[in-house]
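Tertiary structure, described
Now for the letters of each chain:
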Amino acid sequence: MKTSHHVSPLRPCPGQGFTFRVSHLAPLLLGGMALIVYVFTMPRTLSWGHSFLGRHIGYDGGDFVSAAWVSGVPHPTGYPTYTALAWLFTRLPWGSVAWRVNLFSGVAGAATVTLVFLIGRRLAKEQDENSNTPGAAIGATLLAFSLLFWAHAIIAEVYALHLFFIALMLWLMLRWRDGVGPLWTAALALGVGMGNHITLTFLGPFILLVLWDGRRRLTGRAIILSALALAAGLAVYLYLPWRASQNPLINWGGADTWEGFKWMVTGQGYRRFFFALPRDQLLPRLEDWWNLSRVQFPWLAWPLAALGLWELVRRGRWLALGMLTHVAINLVYSVGYNTTDAFVYMLPVYLYAALWMGQGAVWLLAVTNRLAQPGRAQRRRRQPESDQRLVVGAAAALLLLLPAYSLATNWNTMDLSDTRGAQAYAHEALEAVEPGALILVGSDVYTFTLWYYHYVEGLRPDVLVINYPMLAFDWYRRTVAIHHPDMRGPGPNATRATKLDLVLRNLDQRPVYIAENEEGDHVLPGLEVTPVGNLWRVTAP
């Protein structure tokens with residue numbers, strides 16, 4: 001009887017099983033592991049996020065979730081890609097609506113981790129599987145459990161999706177450069193990704209340098225197809241005028257007109273912050289950025305990043321130069337952007353740092369692999385290859401202690417699963433007022449929080465929640481007039497609306513409350529202000 005040498009694909013032969021499983025399952029395992037961590041640590045409802053450098057992130061969540069729920073238009077730049085995708089998640093049957101959008105960020109973050117692994121493995125494709133797979137996994141997990149990335153992967157914000165599109169662009173451009181993918185897919189991703197965050201355009205120099213590196217593959221047909229794909233991706237911006245014309249509850253900017261559309265997508269309201277940091281604040285900001293960066297990863301990981309970057313420069317200067325250019329643009333932009341949360345624009349820098357750390361780990365494992373190879377005498381004694389893999393595996397396990405350390409030490413800081421601050425504030429405010437009351441709010445954080453619980457969770461539908469500074473914009477006055485026609489707002493030609501104006505116009509019609517009562521421009525002369533819960537009731541003397 002003949003003996004068959006056929007090896008079942010379900011039971012790979014020795015020496016192939018490890019490669020088979022890691023090659024095909026590692027991306028899914030890494031992404032799945034990250035998603036599990038994010039789900040366990042994300043808020044169960046709307047959250048006010050985290051604090052970094054004494055400054056908060058996550059205050060915009062109520063605006064994003066509310067806009068997604070009503071298919072509306074959130075604050076500039078409108079974020080049509082994010083809003084449309086978040087709308088899909090709001091229709092899931094589990095958890096609160098805010099949790100579903102938090103889950104969207106978790107999925108985007110986990111997908112980014114998967115892509116960073118795939119990018120790292122492709123960058124190190126010249127190394128053997130025993131080195132490039134665990135090395136790339138180390139870089140991906142270091143990103144997954146870094147503070148700022150993790151923080152954005154568990155709240156309703158656009159930056160987890162922004163990092164996903166950056167990683168997707170890197171992946172698709174590398175595939176094109178290596179001759180295994182068409183260019184038009186990267187162009188399509190660029191257009192759709194710009195609909196999530198306009199700073200994806202900072203990838204421009206990187207794209208041009210990769211195109212130059214692979215210029216022999218650049219044909220006229222590829223250019224035409226890519227231009228068409230880019231235009232198709234940018235068509236996502238048509239969501240803004242379409243939905244604005246339907247007058248949803250959340251409808252920033254009046255994007256159904258050309259002027260309003262341009263104001264939205266160019267972020268015109270934020271231009272005053274571009275490179276507006278005063279000179280005397282430059283050194284303190286650089287110090288802040290340094291302090292933030294050094295806690296993102298274990299300090300032993302930073303030498304790996306330097307080693308990995310050096311390896312990339314050695315393998316191909318154009319790709320390394322493209323990465324460094326993108327890092328420099330984000331760094332300069334974040335330093336010069338004069339807002340309290342400008343540090344979020346350091347996220348792409350940390351993505352590249354994690355990639356470089358992975359490449360440094362690949363190099364160390366490859367060196368270990370070569371040193372563990374048997375010599376002539378050992379080969380004559382037929383020393384098993386498993387011994388060599390055991391040495392490399394032990395080295396990889398030691399390096400994996402770095403992301404494991406990040407996971408263990410950052411868990412308590414990142415865990416928002418029991419956070420209820422925003423929920424408690426909204427319930428106390430909305431449940432304390434009389435039927436038909438008017439609540440005037442001045443800050444974004446309280447406005448967006450009340451919007452979410454009022455419009456999405458349906459808490460106190462009889463109450464009016466109005467952001468009075470926004471009444472300076474004609475588009476907001478139109479929205480208020482459509483949805484709250486019985487409220488006495490400023491006239492159609494008014495260019496400003498003070499809290500005092502609105503209180504006086506509505507005080508004889510309904511109970512009026514204010515959400516803030518600090519000194520200065522919040523003073524209401526000639527009126528009595530009485531605290532009621534976390535609001536203040538305004539009455540005539």
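In this report, the structure presented in the accompanying data block is examined. (Residues numbered from 1 in each chain as written. Predicted model: local features only at pLDDT ≥ 70, side-chain atom pairs only at ≥ 80, totals over all residues. Heavy atoms only, no water.)

**Concerning helix α12 (residues 258-265)**
As a reminder, the rule being used: Only protein chains enter the accessibility calculation, which uses a 1.4 Å probe; a residue whose area is less than 20% of its type maximum is buried, one above 50% is exposed, and one in between is partly exposed. Strands here mean DSSP runs of E at least two residues long; helices mean DSSP runs of H or I at least four residues long; both are numbered from the N terminus. We call two residues in contact whenever any of their non-hydrogen atoms come within 4.5 Å of each other.
Burial in α12 covers these residues: Gly-260, Phe-261, Trp-263, Met-264 and Val-265. On the buried face of α12, the contacting elements are α11 (239-244) and α21 (474-483). Gly-267 sits one or two residues past α12 and shows a positive phi near 60°.

**Here we look at the packing of aromatic side chains**
The condition is simple: Any two rings among Phe, Tyr and Trp, with Trp reduced to its six-membered ring, count as a pair given centres within 6.5 Å; such a pair is stacked if its planes are under 30 degrees apart, edge-to-face if over 60, and tilted if neither. Only when the NZ of Lys or the CZ of Arg is both within 6 Å of the ring centre and within 35 degrees of the ring normal is a charge said to sit over the ring.
Inspection of the entire model under this criterion finds 36 aromatic pairs. Here the aromatic rings of Trp-263 and Trp-475 are separated by 6.0 Å at their centres, their planes lie at 45°, and the arrangement is tilted. Remark: Trp-475 occurs in helix α21 and Trp-263 occurs in helix α12; sequence separation between them is 212 residues. Residue classification places Trp-475 among the buried positions, given a relative accessible area of 6%. By way of ring pairs, the aromatic residues Tyr-159, Phe-202, Tyr-270, Phe-273, Phe-274, Phe-275, Tyr-333, Tyr-337 and Tyr-345 are connected into one cluster. Note that Arg-91 overlies the ring of Trp-69, its terminal NZ or CZ placed 4.6 Å from the centroid. One Lys or Arg, Arg-215, reaches over the ring of Trp-212 and ends 4.1 Å from the middle of that ring.

**Points about the sheet that holds strand β7 (residues 535-539)**
In sheet architecture, strand pairing relies on hydrogen bonds along the backbone and comes in two forms, parallel and antiparallel. Stated precisely, the cut-off is as follows: When DSSP locates at least two bridges between a pair of strands, those strands are taken to pair. Helix axes are fitted only over the stretch in contact, all axes being lines through C-alpha atoms; the angle between N-to-C directions runs from 0 to 180 degrees.
In spatial order, the strands read β4-β3-β5-β7-β6; together these five strands make up an open sheet with mixed pairing. The two strands at the open ends of the sheet, each matched to only one other strand, are β4 (464-467) and β6 (528-532). Neighbour to neighbour, the strand axes of the sheet diverge by 30° on average, direction disregarded. In the sheet, strand β3 (residues 438-441) pairs with strand β5 (residues 512-514) via three bridges, with the strands oriented parallel. Bridged to Ile-439 within β5 is Tyr-513.

**A closer look at the pattern of salt bridges**
This is how the line gets drawn: The salt bridge criterion pairs a side-chain nitrogen of Lys or Arg with a carboxyl oxygen of Asp or Glu, the two atoms within 4 Å.
In this structure the tally under the stated criterion is eleven salt bridges. One connected set of salt bridges, linked through shared partners, spans Arg-122, Lys-125, Arg-177 and Asp-178.

**Focus: unusual backbone geometry**
When glycine is set aside, most residues are seen to have a negative phi, and most peptide bonds are trans. At the junction of Pro-76 and Thr-77, the peptide bond is cis and its omega measures out at 15° in the coordinates. A positive phi angle, near 50°, is found at Phe-275, a position not held by glycine. Position of Phe-275 among the secondary structure elements: in the loop between α12 and α13 (282-294). Classification of Phe-275 by relative accessible area gives exposed; the value is 56%. Residues other than glycine seldom take positive phi values, yet Arg-460 does so here, at roughly 55°. With respect to the helices and strands, the residue Arg-460 is situated in the loop between α20 (444-456) and β4.

**Here we look at the layout of surface pockets**
Using the following cut-off: Lining residues are defined by having an atom within 4 Å of a point belonging to a cavity or pocket. Those points lie on a 1 Å grid over the protein atoms alone, cavities being sets where a 1.4 Å probe fits but cannot get out and pockets being open sets with protein on both sides within 12 Å along at least five of seven lines. Grid points are joined across faces, edges and corners, and a volume is the space filled by probe spheres set on the points.
Estimates place the volume of the largest pocket at around 1100 Å³. Along the wall of the largest pocket there are 44 residues; nearest its centre are Asp-60, His-75, Tyr-270, Tyr-337 and Asp-341. Looking at the lining of the largest pocket, the elements that each hand over two or more residues are β2 (55-57) and α20. The element contributing the most residues to the lining of the largest pocket is α20, with three residues.

**Some words on the side chain of Thr-81**
Tracing the chain through its elements places Thr-81 in helix α3 (residues 80-90). Relative accessible area serves as the criterion here: at 3%, Thr-81 is assigned to the buried category. Other than its neighbours up to four places away in sequence, Thr-81 contacts Leu-161, Phe-165, Val-192, Gly-195, Asn-196 and Val-236.

**Points about the nonpolar core**
Rules: For this analysis, a nonpolar core means a set of buried residues of the types Ala, Val, Leu, Ile, Met, Phe, Trp, Tyr and Cys, connected via side-chain atoms within 4.5 Å.
Ranked by size, the top nonpolar core spans 171 residues in total, and within it Tyr-38, Tyr-82 and Met-173 carry the most contacts. Ranked by residues supplied to this core, first place goes to helix α7 (residues 159-177) with 16 residues. Among all residues touching Tyr-38, those that are not within four sequence positions of it are Gly-106, Gly-109, Ala-110, Val-113, Ala-144, Phe-149, Trp-150, Ala-153 and Ile-154.

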